[in-house]
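# Observations on the model geometry
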Amino acid sequence: MLKLFLQRIRFNLRNLFAKKIVVPTNFKSFEYTNPKYHHLLASYLLSNTDDDINYSKKIFGKETDDLVTSKDIFSENDFQSHNKFIPAYFNKGDVKVPYEASRLQFLQKLDLLSILNKEKNLHENVDVNKFPLIYWNSPMDVAIRNINLIFHRNFLENNDLDSKILGNNKDLIDTFISQHYQYITENLEDDGNVVGNHYLIELCSIILTLATYKFDGYEDETTYYLNELNKELNRQFYKDGTNFEGSSHYSAFVTEALIIFKLSLDEIEPDSSLIELIEKLVFSNRRLLNLLMVNGELSQIGDNDSGRLFYFYHDEDDPLKMDWLINLIDHFFNFENKNSIEVPNLKNDSIDLTSFSKVDHPLIKIFQNDFNLYTFPDFGIFIWRNNDGSEYFSVRCGQIGQNGVGGHAHYDQLSIECFTEGKWIARDPGTGTYTDDIKTRNEFRSMKFHWGPNADIKFPKESEFDCFKLNYMEDGKLLFLDKNNFLGSAVFNGNKIYRKIVIENGNILISDFSNDTNLYPYQSWGELNEGVKFKFSKGYKRIN
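Residues numbered from 1 in each chain as written. Predicted model: local features only at pLDDT ≥ 70, side-chain atom pairs only at ≥ 80, totals over all residues. Heavy atoms only, no water.

This paragraph deals with the pairing of strand β14 (residues 372–376). Of all the 5 residues making up β14, 5 are buried; the element is thus mostly covered by neighbouring parts of the structure. Side chains Asn372, Tyr374 and Phe376 of β14 all project onto a buried face; the interleaved residues Leu373 and Thr375 project onto the opposite face, where all are buried too. Note that β14 and strand β15 (residues 381–385) share 5 bridges and pair antiparallel. Across the sheet, the residue bridging to Thr375 is Phe382, located in β15. Hairpin geometry of β14 and β15 is characterised by an intervening segment of 4 residues between the two adjacent antiparallel strands and by a positive phi of about 95 degrees at Gly380. (Buried < 20%, exposed > 50% of the residue type's maximum accessible area, 1.4 Å probe, protein only. Helix = DSSP H or I, 4+ residues; strand = E, 2+ residues; numbered from the N terminus. Pairing = 2+ DSSP bridges.)

Take a look at the structure:
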C-alpha cells in the first residue's frame, strides 16, 4: 500500500507540474500538390459497392448530440478545463472519448456520401474555434486528425462538399494542416519504455503530409522521416511480419497505416526499398487478420480500442466487422496464395507429463470435414480452420508483446477460441475500457475472463499504474505442434501450466497439467452463452 500511495503522490505531483499544452502559432507555408494517391483512393471508394457507408452520430457506439466535445459522454466528466499534458484521469473519466471525437473521422463518411450524392441531409459544420485543449493532449490523436483533414482537403479539390471545416476554404485548411504537422513533429512519442503504435501513426501522418504538400525544408524532412520509418518497421514488426503489440485489432490498425505508407511512398519515392518491406508486412498481417475473422468479425486478441485510420466503412454498431479492410488491401496489393497452408511439425524439448496433475475439459465437436493449420509463432497464435471459416479454432501461445511489457496484451496465454455450426463455443471477451474504470480494465484482461487453464491462482491486485503492462505472466512456450496436436506451456504468477490439445476425427480434446497449482475442469464451454465466459465487449466500451 505504501508503494501505491507513493506512486499516486508522484503521479499527482507530475501532473501538477506538467507541461502546458501549446498549440503552434508559427508554422510553414504549405503548397498543395493534388497528389496522385488521392485519385487512386477516390477511384476505389467511388466504385466500391461491396461495403456499406453507415453514418451515425456516435462515439464508441453511443449517440452524441455534438461531435466536437470535451466530455466523456459515458461518465459526463468534462475535460473543458484540461490544459496540461496529463495522460489519464484514473477512475474518473475516459480521455479517449474526446480523443475519439477530436479525430474528425466522421468527415470521411460525410465526404464520401456527399460525393456519391447520397443522404444530402447529412452534413456537419466543424467550428475549430470550439476545439478544447484536450484535443491537443495526445500527439497520436492529433496525427489521426491530420490524416482526416488531408483526406477532406483532397476531396475538396474537385468537389463541393456538404460538410465544412473552416468554411472549406482551401487556403485555411492548408494552413490548419501545417499547424498540425508542426505540432506533431514537436511532440513525437519516440522515446520511453515502449515506442510503439503511437509513434508509427505519427510517422504515418507526417509522411502522408509529405506526399501531399511541398514546403521549405521538404527534402531534408523527407529523408529524416523515411529513415525513421525504416527503423520503426524493423523494430515494431516480427520476422514473420506480424506486429509486436500482441493485439489483433492493433494489427489491423497498423495495417491501415502500412497502406497509407505505401500510397505515400509511391508518391514521394516510388523506387524506395521500403515499399517491398511494407508489402511483405501487409501480406503477413492480411493473412493473420483474415484467418482471425469469423463472419467478417475480427477476433479480439489483446486490446481493442477501436482505432481506425480508414473510417469510411467502419460501423459503430458493428465495430468488429473488418472485411472492408481485407477488401481495401486486396484492391491496392496483388497477393497470391493469400492464405498459404502450412503443415509444420515442430518439436522442442520433450516433457513427460505423466507425473503432473491433469484435468480434461469437455470434448469439442468442431470439424465436419478437412481443416488446415496456420501458424504465427512470433505473434503467438495458432489457428485451425476449414476453407470457408465456418469452423474455427485457435490457441494463444507466444510472446506477450511490446518486448515483454505487454501493454496491449491480456492474461490469455493458452486460451482458446472456437466457432462451429454457426455458434461460438469459446470467445475472447474483448477489452471493456481503459483508465476510467481500472476494475473493469483488469477484469477483461484477466486470466479468469479467458478460456485458458481453469486454475486456482491468486494474482496480486494491479493498480491504475499497471493497466498497460503485464506483471504476472511470462511468454508462452510452444513445445510441440503438428496438424492434429499442440503442446504449450505458460507461467502465471510463478505457476507453470501445460496445455495439450489433440484433434481426432474432427473432435478437440483439451487437457491441462501442472504441479504448481490446483487445476479444475470446465463443466462446459460457452456454447449456451455465445461463447462468453463472464462478460463480452463488442469493441471498446461496448460491454454486454
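Having seen the structure, we can now continue with the description.
Here Tyr32 shows up in strand β1 (residues 31–32). Sequence spacing of Tyr32 and Glu316 is 284 residues, and the spatial spacing of their C-alpha atoms is 32 Å. Aside from chain neighbours lying at most four places away, what touches Tyr32 is Arg153, Asn154, Glu157, Asp174, Thr212 and Tyr213. A distance of 2.7 Å separates the side chain of Tyr32 from the side chain of Asn154, its partner in a polar contact. (Contact = heavy atoms within 4.5 Å. Polar contact = N/O pair within 3.5 Å; in protein donor to acceptor, adjacent residues only side chain to side chain.)

Moving on to the nonpolar core. Of all hydrophobic cores here, the largest spans 118 residues; its most connected members are Leu233, Phe261, Leu309, Phe310 and Leu325. Element by element, the count of residues in this core is highest for helix α9 (residues 248–268), at 12 residues. With sequence-adjacent residues up to four places away left out, Leu233 is seen in contact with Leu200, Leu258, Leu274, Leu277, Ile278 and Leu281. By size, the runner-up hydrophobic cluster in this structure holds 37 residues, among which are Leu470, Leu481, Leu519 and Trp525. (Core = buried A, V, L, I, M, F, W, Y, C linked by side-chain atoms within 4.5 Å.)

A probe matching the size of a water molecule, rolled over the atoms, marks out where space remains unfilled. Of the voids in this model, the largest pocket is the one considered here, and its volume is about 1700 Å³. For the largest pocket, the lining is made up of 48 residues, of which Pro87, Glu189, Val194, His198 and Phe468 are closest to its centre. Mapped onto the lining of the largest pocket, the elements with two or more residues apiece are α1 (2–16), α3 (96–102), α5 (139–156) and α7 (197–210). Top element by residues in the lining of the largest pocket is α1. It accounts for 5 residues. In terms of residue class, the lining of the largest pocket is built from 20 nonpolar, 14 polar and 14 charged. Taken as a whole, the second largest pocket spans an internal volume of roughly 620 Å³. Lining the second largest pocket are 20 residues, with Asn442, Ser446, Met447, Lys448 and Phe459 sitting closest to its centre. In terms of residue class, the lining of the second largest pocket is built from 10 nonpolar, 3 polar and 7 charged. (1 Å grid on protein atoms, 1.4 Å probe; cavity = no way out; pocket = protein on both sides within 12 Å on 5 of 7 lines; lining within 4 Å. Points joined across faces, edges and corners; volume = space filled by probe spheres on them. Nonpolar A, V, L, I, M, F, W, Y, C, P; charged D, E, K, R; others polar.)

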